[in-house]
There are 2 protein chains.
Amino acid sequence: MSDFARPNDSSRPDARPLYAQVESILNGRIAAGEWPPGFALPSEPELAQELGVSHGTVRKALDALERRHLIERRQGKGTFVARQTSERARFHFLPIRDLEGHQTEPTAVALSLDTVPAGEAASQVLQLAAGASTYRLRRLRSKEGTPFMLDETTMPAAVFPDFEVPLNGQLTDELYVMYQRRYGVTVVRSEEVLRAEGATPELAGILKIAEGTPLLVMERRTWDAAGRIVEWRSSWLDTTRHRYVNVME
Amino acid sequence: MSDFARPNDSSRPDARPLYAQVESILNGRIAAGEWPPGFALPSEPELAQELGVSHGTVRKALDALERRHLIERRQGKGTFVARQTSERARFHFLPIRDLEGHQTEPTAVALSLDTVPAGEAASQVLQLAAGASTYRLRRLRSKEGTPFMLDETTMPAAVFPDFEVPLNGQLTDELYVMYQRRYGVTVVRSEEVLRAEGATPELAGILKIAEGTPLLVMERRTWDAAGRIVEWRSSWLDTTRHRYVNVME
């Protein structure tokens, strides 16, 4: 039986274009870990034959997966499941630049990691049962010894069992690299909601700034390739020496 | 002589993939107004023959132009040069949402429009000679009678000669729609740099908030299809009832 013939939840035929259905089947294999990071995909003709669709349809599906950074085509070598690179985690998913517009290479230190039952907000954002176990990680980013951003990340323990990081030392890996390497969780999308807010006494103490200093506050939700929300994050940025950059095109 | 044979500035052969060269030729026709908004493009076979490339190359170039919102394909009708829609100007290039995450439909009022010689900052950002003539437009956006965002847009007078808008009345069109309709200037890209800053006495007066209230400040540069920077904008957002939303994928 072909993948297309499987009834879906609503028992209605899938109305999406064929290439989108193929994209979604291949996405599913990556999300499930059946095709892990670094895996060499079958050739386009092999996929076309297996799925009973044209080469053109397979190519369009692969184009879409490539645009979503789930696969990489290497000239003359083939097509591979993409690894979450530090580069992409840092540059693309951390749109913070210094005043000259350069990507910043901050040090990140884990201040604390706690196991916390999900409260009302966390269970709603992360789509968890109230009281479900979560990890809460606080990290402080500094540049040349001056702290400029605190972030607090809440993750479902069911998605990241036995999560741990060294405390008070410099973290060498970005979280999204750890998610993929340790748990096979590939981050594909983040949505951030930004506001300005004065520093509370606690934040002022951590960031070493005056209480009430205007901060850029980011509330982030992050999705993995399987469509799950895998983290909820709040970040507080001191914009005296750093900025948030957004490109619209 | 084919377009490809034209020597470029560096007199070196163009090293980009063929489809990118085709994309750039077609982009040039749109940017120059040779193919105006709403224009029906020749068919893919016609373009392939004219440019001496394969159908596949033309299709890839059109895919790229479609992703950049410069053209639209309409099923069974053909391919057209896209019009800058109010929808895209408002939703895509104005990523401000209310607290429920809904796109806001603010009223915008032009407070002032002045002709100003470009100072050092403006001439640098807009790549103009110092003292070149610019327009400076101040607009105030409100929701249900409450102002929440001021913006100040600086435009080169050479790009937008005799620019005018009615003052103190509600503006019915977004600026980017006016740019295209009146001047044939199609906006394709904006880059915003965000910071938090306390409201100055002047901003506090205009936005009817307390002096020092933390505001989200956006500094924007905008490019047209010809690759020119066509505006520089500063915006001040009161984030009490509105947020800035950024999606990374």
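As shown above, the structure is provided for reference.
Please read all numbers here as calculations on a predicted model, not as lab measurements.

Q: Give me the relation of the copies chain A and chain B: which residues, what numbers.
A: You can overlay chain A on chain B at an RMSD of 0.0 Å; the transform is a turn of 180 degrees with a shift of 0.0 Å along its axis. Overall, the copies show the geometry of a two-fold rotation axis. The overlap is high: 100% of the interface residues of chain A also sit at the interface in chain B, so the same surface is used on both sides.

Q: Give a description of the sheet that holds strand β6 (residues 146–156) of chain A that names residues and reports values.
A: Within the open sheet, the 8 strands sit side by side as β4(A)-β5(A)-β6(A)-β9(A)-β8(A)-β7(A)-β10(B)-β3(B). Their pairing is antiparallel. Strands with a single pairing partner mark the edges of an open sheet, and in this sheet they are β4 (107–117) of chain A together with β3 (96–98) of chain B. When strand polarity is set aside, the average angle formed by the axes of neighbouring strands in this sheet is 25 degrees. Across the sheet, helix α6 (residues 175–183) of chain A lies against β5 (133–143), β6, β7 (187–198), β8 (214–224) and β9 (229–238) of chain A, angled at about 160 degrees from β9(A), the strand it touches most.

Q: Could you give an account of empty space enclosed by the protein, naming the residues involved and the relevant values?
A: Applying the stated rule across the entire model yields 3 cavities of 30 Å³ or more. Of the pockets and cavities examined, the largest cavity occupies roughly 70 Å³. Surrounding the largest cavity, B:Ala89, B:Phe93, B:Leu94, B:Arg139, B:Arg141, B:Glu174, B:Leu175, B:Tyr176, B:Arg220 and B:Arg233 form its lining. Elements supplying a minimum of two residues to the lining of the largest cavity: β5 (133–143) and α6 (175–183) of chain B. Partitioning the lining of the largest cavity into residue classes produces 5 nonpolar, no polar and 5 charged. Estimates place the volume of the second largest cavity at around 60 Å³. If you trace the second largest cavity, you find it lined by A:Ala89, A:Phe93, A:Leu94, A:Arg141, A:Glu174, A:Leu175, A:Tyr176, A:Arg220 and A:Arg233. Residues of the lining of the second largest cavity, tallied by class, amount to 5 nonpolar, no polar and 4 charged.

Q: Explain the interface of chain A and chain B to me, using residue names and the numbers behind them.
A: Between chain A and chain B, the contact holds 29 residues from the first and 29 residues from the second. Counting each side, the surface lost to burial between chain A and chain B is near 2,600 Å², with a carbon and sulfur contribution of 58%. Taken as a group, A:Asn246, A:Met248 and A:Glu249 account for 27% of the area that chain A buries against chain B, more than any other trio of residues on that side. Summed over the shared surface of chain A and chain B, the result is 2 salt bridges. A:Glu249 is paired through a salt bridge with B:Arg189; the nearest N and O atoms lie 3.1 Å apart. Joining chain A to chain B, the criterion identifies 14 residue pairs in polar contact (both at pLDDT 80 or more). Elements supplying a minimum of two residues to the side of chain A that touches chain B: α4 (86–92), β7, β8 and β10 (242–248) of chain A.

Q: Run through the pattern of salt bridges, naming residues and quoting values.
A: All names here are of chain B. With the rule as written, the count across this model stands at 42 salt bridges over all chains. Ionic pairing is found between arginine 73 and glutamate 44, a salt bridge with its closest N-O pair at 3.7 Å. One end of the pair, arginine 73, is in strand β1 (residues 71–74); the other, glutamate 44, is in helix α2 (residues 44–51), and 29 residues separate them in sequence. For arginine 73, a relative accessible area of 28% translates into the label partly exposed. One salt bridge in this structure joins aspartate 151 and arginine 139, with 3.3 Å as the shortest N-O distance.

Q: If you had to explain the side chain of B:Glu23 to someone new, which residues and values would you point to?
A: Among the secondary structure elements, B:Glu23 is positioned in helix α1 (residues 18–31). Those residues in contact with B:Glu23, other than ones at most four positions away along the chain, are B:Ala61, B:Ala64, B:Leu65 and B:Arg68.

Cut-offs and rules
- Residues numbered from 1 in each chain as written.
- Chains lettered and ligands numbered in written order.
- Predicted model: local features only at pLDDT ≥ 70, side-chain atom pairs only at ≥ 80, totals over all residues.
- Heavy atoms only, no water.
- Least-squares fit on C-alpha atoms with pLDDT ≥ 70 in both.
- Contact = heavy atoms within 4.5 Å.
- Pairing = 2+ DSSP bridges.
- Helix = DSSP H or I, 4+ residues; strand = E, 2+ residues; numbered from the N terminus.
- Axes fitted to C-alpha atoms, helices over the stretch in contact; angles between N-to-C directions.
- 1 Å grid on protein atoms, 1.4 Å probe; cavity = no way out; pocket = protein on both sides within 12 Å on 5 of 7 lines; lining within 4 Å.
- Points joined across faces, edges and corners; volume = space filled by probe spheres on them.
- Nonpolar A, V, L, I, M, F, W, Y, C, P; charged D, E, K, R; others polar.
- Buried area = accessible area lost by both parts, 1.4 Å probe.
- Salt bridge = Lys/Arg side-chain N within 4 Å of Asp/Glu carboxyl O.
- Polar contact = N/O pair within 3.5 Å; in protein donor to acceptor, adjacent residues only side chain to side chain.
- Buried < 20%, exposed > 50% of the residue type's maximum accessible area, 1.4 Å probe, protein only.

The analysis is restricted to geometry; functional conclusions fall outside its scope.
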